[in-house]
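# Structure at a glance
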Amino acid sequence: MASRTATGIDEARPTVNVWAGAAIAGLAGGLVFGAMMQLLMPDILEMAIPGMFGLGPSLAIGWGIHLVNGAVFGLVYAAIARFDPLAAYAEGLPSGIGLGIVYGVVIWAIAASIVMPLWVGAMTPMSPPVPDVNPASLVGHAVFGAILGALYPLLSARA
């Protein structure tokens, strides 16, 4: 991992441990993405996400699952971002945002475009296409990644 020299700015900024910071950053990204989803793709949040777990339509349950996913994807980001040479990118604000966007697009390409429609099709009467190439979902995942990548270095203490 890249070494850091403490500065007055670093000492003044509140930090939490890497894992809690990643989960909080993932929750923040998930909150913004969820708001976008509720406006642009409400059926996914209300029906598809709960349906993946055998549950009926529920906006509250969809939100809950979505936010837990945001925190989990934040933790996965932290695990990946701790490896060199990615650690140096994850620690800077502009490069962290870029890395986060790439991460969000990868999540979209694998989890949202392939895994989720297969899972929804297996658990509900819905039959989404596979891959489900949804431009609004791509933008939402990129925004999630940008927020995650921006907040992760601000919230996470480095060991």
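Fair warning: this is a prediction, and the values are worked out from it, not measured in the lab.

### Brief notes about the overall build of the chain
When helices and strands are tallied, the chain shows 7 helices and 0 strands. Helices and strands appear in the chain in the N-to-C order α-α-α-α-α-α-α. For the chain, the proportion of its 159 residues judged to be buried stands at 38%. Partitioning the intrachain contacts of the chain with sequence separation of at least 6 by distance along the chain shows that 72% fall at a separation of at least 24. Carbon together with sulfur atoms contributes 75% to the accessible area of the chain, which is approximately 8000 Å² in total.

### Side note on the nonpolar core
Membership of the largest hydrophobic core comes to 24 residues, with the highest contact counts inside it found for Y77 and Y152. Secondary structure elements with two or more residues in this core: α2 (18-40), α3 (42-51), α4 (59-81), α6 (93-123) and α7 (135-155).

### Focus on α4
Between its terminal C-alpha atoms α4 stretches 32 Å, which fits the 33 Å expected from 23 residues at 1.5 Å a residue. For α4, the complete set of buried residues consists of G62, W63, I65, H66, G70, A71, G74, Y77, A78 and A81. Residues of α4 that are buried make contact with α2, α3, α5 (86-91), α6 and α7.

### Topic: the environment of P117
With respect to the helices and strands, P117 occurs in helix α6. Using a relative accessible area of 4% as the deciding quantity, one classes P117 as buried. Once the C-alpha coordinates of P117 and P128 are considered, the two residues, 11 residues apart in sequence, prove to be 5.4 Å apart. Sequence-distant contacts of P117, defined by excluding residues within four places in its chain, comprise A111, A112, P128, P129, V130 and D132.

### Let's talk about unusual backbone geometry
Following D84, the chain continues into P85 via a peptide bond in cis, with omega recorded as 5°. Among the structural elements, P85 can be located in the loop between α4 and α5. Omega for the peptide link from V130 to P131 comes to 0°, which places this bond in the cis form. Within the fold, P131 resides in the loop between α6 and α7.

### Side note on the environment of L155
For L155, the location among the structural elements is in helix α7. Residue classification places L155 among the partly exposed positions, given a relative accessible area of 23%. Considered as a pair, L155 and A22 are 133 residues apart in the sequence and their alpha carbons are 7.6 Å apart.

Conventions we followed
Residues numbered from 1 in each chain as written. Predicted model: local features only at pLDDT ≥ 70, side-chain atom pairs only at ≥ 80, totals over all residues. Heavy atoms only, no water. Helix = DSSP H or I, 4+ residues; strand = E, 2+ residues; numbered from the N terminus. Buried < 20%, exposed > 50% of the residue type's maximum accessible area, 1.4 Å probe, protein only. Contact = heavy atoms within 4.5 Å. Areas by Shrake-Rupley, 256 points an atom, 1.4 Å probe, with all protein chains shown as cover. Core = buried A, V, L, I, M, F, W, Y, C linked by side-chain atoms within 4.5 Å. Expected span 1.5 Å × (residues − 1).

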